[in-house]
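What follows is each chain in one-letter form.
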Amino acid sequence: MPHQLGVTIRAQVAADQVGPLRNWLAKVAQNGAADSLFAFGHMRGLHFAKLFVLEEPTDSGGRPIPASLVLMTEVDAPLRSHLAELIDVGGDGIDEAFGFCAGYPGPVAQRRARVAWLRRHLVRASAVYVNTVGRGLEQIRQEARLRDALEDYLDQRDWDGRAPDDVRRELQAYVAGRADLAWAMKPPAPPSLRFRVREAAHEVGVPLLLVPLLPALPFVLPPWVVLLRLSELRERPVTQRPTLEHLDELASYEDFVTQNPFAVVGFVRPGLLRLVTMRVVMAATDYGVRHVYNHADLAGIKTIHFARWVPLDNWRRMTFASNYDGAVEAYNDDFIDQVWWGLNATFGNAAAYPPTRWVFCGGARYEQQFKNTLRIQQVPVPVWYTAYPALSAVNIENNARIRAGLRGEMNPADAGQWLSRL
Amino acid sequence: MAVRLDLNDIQGLFARGYREHRYARFTIFTIGEAPAGRALLEWLLPRITTAAPFSGDVALQVAFSASGLRQLGLPDHVVTGFAAEFRQGMTNPNRSRFLGDTEESDPRGWAWGGPDGPPADGLLMLYAADPGLLERWQAELRQQLGKRGIAGTTELPARELGDTEPFGFHDGISQPIIAGLPKAAQAERTVPAGEFILGYPNARGQLAGRPLLPASEDPSRLLLPDPTGSGAVDFGRNGTYLVFRQLEQDVEGFWQFVDAATRRADGSQDSGDRAALAAKMVGRWPSGAPLVKAPDHDAPALADDNDFAYRDDPRGLACPIGAHIRRANPRDSLGPEPAASLAASDRHRLLRRARSYGPAGDGIRSAGSENGLYLICLAADLARQFEFVQHTWLNNATFNGLYDDADPLTGQHHPAGATFTVPARPVRHRYRGLPQFVRTRGGAYFFLPGVSAVRYLAQLGR
């Protein structure tokens, strides 16, 4: 099975095209035309896609940042074939969308030129969270079909009074006997050897590289913390609230299926101190999501399929984007209750975030301020695609465990536990 | 820190459900002209029942929607201080999708409160100890509204308060116990008053968003000061949001479904199976006994039992994960840590003040009549409390690991019918094709102000 990528393509919108682009996106969203235009459903290994505009803001120095169009996809590796498919399969939509951007070669240009243009506009994420690393789209779909087949089979018979291991054996025989399900008796293939070696090297190598720096820590950390605390003391509470128009626009793209798209963008607080802090925290986040939170759980939150942190404009701004289950209110509550420390460490360095204390405290714990600022900074996502609109992340994990439970021996108690997944 | 509640300013519905006042009628009205509305408030002011100790035979409460507050002349910069959900209203199209008010529950088909009808500006709630008293007071209300030219009224008569809701189940058992009210003294677990009333610390020890205004706009000092000491005055203090929804219950359809689902292959039926499936859907037996304590048979001795948890039933073998009460208040059953789950559940509580309507029945509805529930609940945070429960717990098909199981009783079921899963050994029982049993017939978000805020409204424009 392939590993998953968080691909970000960002291009500056041509000077006079921001309004027309916005209108075009709204129209495409309204008519439900995006599906056929971009043919996301025909792209191999594509889990999610979102397309949105980042408006033209002015940074703290008064410098305007031009509006840009952002395409984010969560897709099975390799990148090369995904970029090619964006043109070969979704070319109609991609041409039209990026046709609003400066310098896009356009449909008349050769395929290679357009793919190369997309590649040139790739933006590197500083961290990408994948709910379960290595679980590809094909596997998710297969295991959902497996679960459906088992549930239907269970419905057809009366099982009362049967021993759980006996029931399990019958289900095993049923799956093994169906040519279209027999794959389920084997475990899913792991990601490529190359990927696994790279990740293992990263997991071990990064701490090793940091060890020589440890002696410097007592000298660097205290003044750093003091400086940060002084900086925090200058922070002001968030008093702004999102406008009803903005809330309505966001809501118009939310709560149609099990998952929702999420994208926020904000400025990094000015100054070297905040920039360095942000970069250090992001490096830690990258390590954490790759080697600690890489299976079904992001620090206790089980509803996120994918998430990414992408620095923009040479770290003047930071984007956080995700695909999550349920409503934004529940998502924010999960943030506040479970990963407040992580949010504060990261977004405490972002302007318009509720004041933090000692890096980890305060911030997201100010519920109203936090919810208001997230909604204000949230960007409407008019074009959004999900490959499995009815499946929660918990469902997907459960399906994988149903499959895993088909293999090997189990005592009656374990078989009973396994059956309770159905 | 002990919180002192200003019971003389808070309306009585916060402190009690008026269970001794078995007769109730609710009147929705539209405020045409501001002076007429304010004149009505002048008349109402001495008659509003507060949360202070009360032994009268009649109780009266008044609440306003955002349109009502604007109509009475509350300036925009004050109205803006209210929650976005309240200002947008229950029938905002995105909200309707969110709440499941689509298809048969679409506000365009509502009996009142819909986008095409007269705006639901205000709500009068009348409770009386006997039916004659109710009628006399309602006649008085009608006259007071009429003589001020206040039109667009809809009277919603409640059924005499009994022990069961229209499907036939004992209802209203589980209520949060509010810190600062008398009952809290004996309670093991209480919920901070700020979860249900504005101006007091909530479960996170913070004050919910509330409408403040400069003291200069309240020269007569009618409003209370902002408790944070900002120098502003607080229009919201001692007030709270009131969710009002008229939910029609298809009693016949519900029991028909249960009958069909429990009929044996030979066509015979066991009334025990019937009651058992219905109980699995609710999570309590008709008497009210909770399934986690009485998994196999009804146990009327446990009728009002609310002292239970789900930690001994993690798989839902006694009370299904998808049962109505296990999702309306999951208690300790969200995630692996019971204590964390209890704390999380407590941030999504509602103070429920529902009343049933329609002819009292034995579960069979008479032809042409409508049965249902006026869902009335109080919450300081509409998004985190009412809307969260409705969307994330009740209507969510993937709630707590489920796949296609919206609330079997009240949930919005897709046209092909929802699924209800009853965990069992060795294999679960799965019921499919559940039709919609409950549909929304009307509703609005109101604000139940403190008495001082009503007084402030009454003198606006002077």
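Residues numbered from 1 in each chain as written. Chains lettered and ligands numbered in written order. Predicted model: local features only at pLDDT ≥ 70, side-chain atom pairs only at ≥ 80, totals over all residues.

Participant: How should the domain arrangement of chain B be read in this particular structure?
Facilitator: Frequently, the measure chosen for interface size is the accessible area that the parts lose on association. Residues and elements named next belong to chain B. Along its sequence, chain B is carved into domain 1 (12-244 + 446-459) and domain 2 (250-442). Contacts between domain 1 and domain 2 engage 51 residues on the former and 49 residues on the latter. In terms of residue count, strand β8 (residues 240-249) provides more of the side of domain 1 that touches domain 2 than any other element does, five residues in total. Among the residues making up the side of domain 1 that touches domain 2, the classes are represented as 31 nonpolar, 13 polar and seven charged. (Domains from an automatic or database assignment. Contact = placed C-beta atoms within 7 Å. Helix = DSSP H or I, 4+ residues; strand = E, 2+ residues; numbered from the N terminus. Nonpolar A, V, L, I, M, F, W, Y, C, P; charged D, E, K, R; others polar.)

Participant: It is not clear to me how the sheet that holds strand β5 (residues 259-267) of chain A should be interpreted in this structure. Could you clarify?
Facilitator: Backbone-to-backbone hydrogen bonds join strands into a sheet, with any given pair of strands oriented parallel or antiparallel. Residues and elements named next belong to chain A. Read across the sheet, four strands follow the order β4-β6-β7-β5 without closing on themselves; strand pairing throughout is antiparallel. If you trace the sheet from one side to the other, it starts and ends with β4 (127-130) and β5, each paired once. Across the sheet, the mean angle separating the axes of adjacent strands is 10 degrees when strand polarity is ignored. (Pairing = 2+ DSSP bridges. Axes fitted to C-alpha atoms, helices over the stretch in contact; angles between N-to-C directions.)

Participant: I'm lost on the interface of chain A and chain B in this one. Help?
Facilitator: At the interface, 33 residues of chain A touch 28 residues of chain B. Of all the secondary-structure elements, those providing two or more residues to the side of chain A that touches chain B are α6 (137-155), α7 (164-177), α10 (244-251), α12 (328-338), α14 (367-377), α15 (393-404) and α16 (412-419) of chain A. The residue makeup of the side of chain A that touches chain B, split by class, is 14 nonpolar, nine polar and 10 charged.

Participant: Please clarify how the packing of α7 of chain A against α16 of chain A should be interpreted in this entry.
Facilitator: Relative orientation and spacing of two packed helices are given, respectively, by the angle between their axes and the distance between those axes. Residue and element names in this part refer to chain A. Interhelical geometry of α7 versus α16 gives an angle of 60 degrees and a closest axis separation of 7 Å. One way to sum up the angle between α7 and α16 is to call them oblique. At the point where α7 passes α16, the crossing takes the left-handed sense. Packed against α7, whose contacting residues are Pro164, Asp165, Val167 and Arg168, the element α16 presents Pro412, Ala415, Gly416, Trp418 and Leu419 at the interface. (Parallel < 35°, antiparallel > 145°, perpendicular 65-115°, else oblique. Left-handed = near helix turned anticlockwise from the far one by under 90°.)

Participant: Hey, could you run me through the domain arrangement of chain A in this one?
Facilitator: Residues and elements named next belong to chain A. Each assigned domain of chain A is listed with its residue range as follows: domain 1 (4-133 + 192-386) and domain 2 (137-187 + 392-419). Relative to domain 2, the C-alpha centre of domain 1 lies at a distance of 37 Å. At the level of elements, β2 (46-54) and β6 (304-312) are the ones that each hand at least two residues to the side of domain 1 that touches domain 2.

Participant: Got a minute to help me understand unusual backbone geometry in this structure?
Facilitator: Trans peptide bonds make up the majority, and among non-glycine residues the majority have a negative phi. Residue Pro78 of chain A is reached from Ala77 of chain A by a cis peptide bond, and omega for that bond is 10 degrees. Residue position: Pro78 of chain A is located in the loop between β3 (68-76) and α3 (79-88). Going from Arg425 of chain B to Pro426 of chain B, the amide bond is cis rather than trans, its omega being -5 degrees. Among the structural elements, Pro426 of chain B can be located in the loop between β12 (418-422) and β13 (429-434). Not every positive phi belongs to a glycine, and Tyr18 of chain B is a case in point at roughly 55 degrees. Locating Tyr18 of chain B in the fold gives a position in the segment before β1 (23-29). Residue Tyr18 of chain B is classed as buried on the basis of its C-beta count, with 24 C-beta atoms lying within 10 Å. (Buried ≥ 20, exposed ≤ 12 C-beta atoms within 10 Å, placed from the backbone.)

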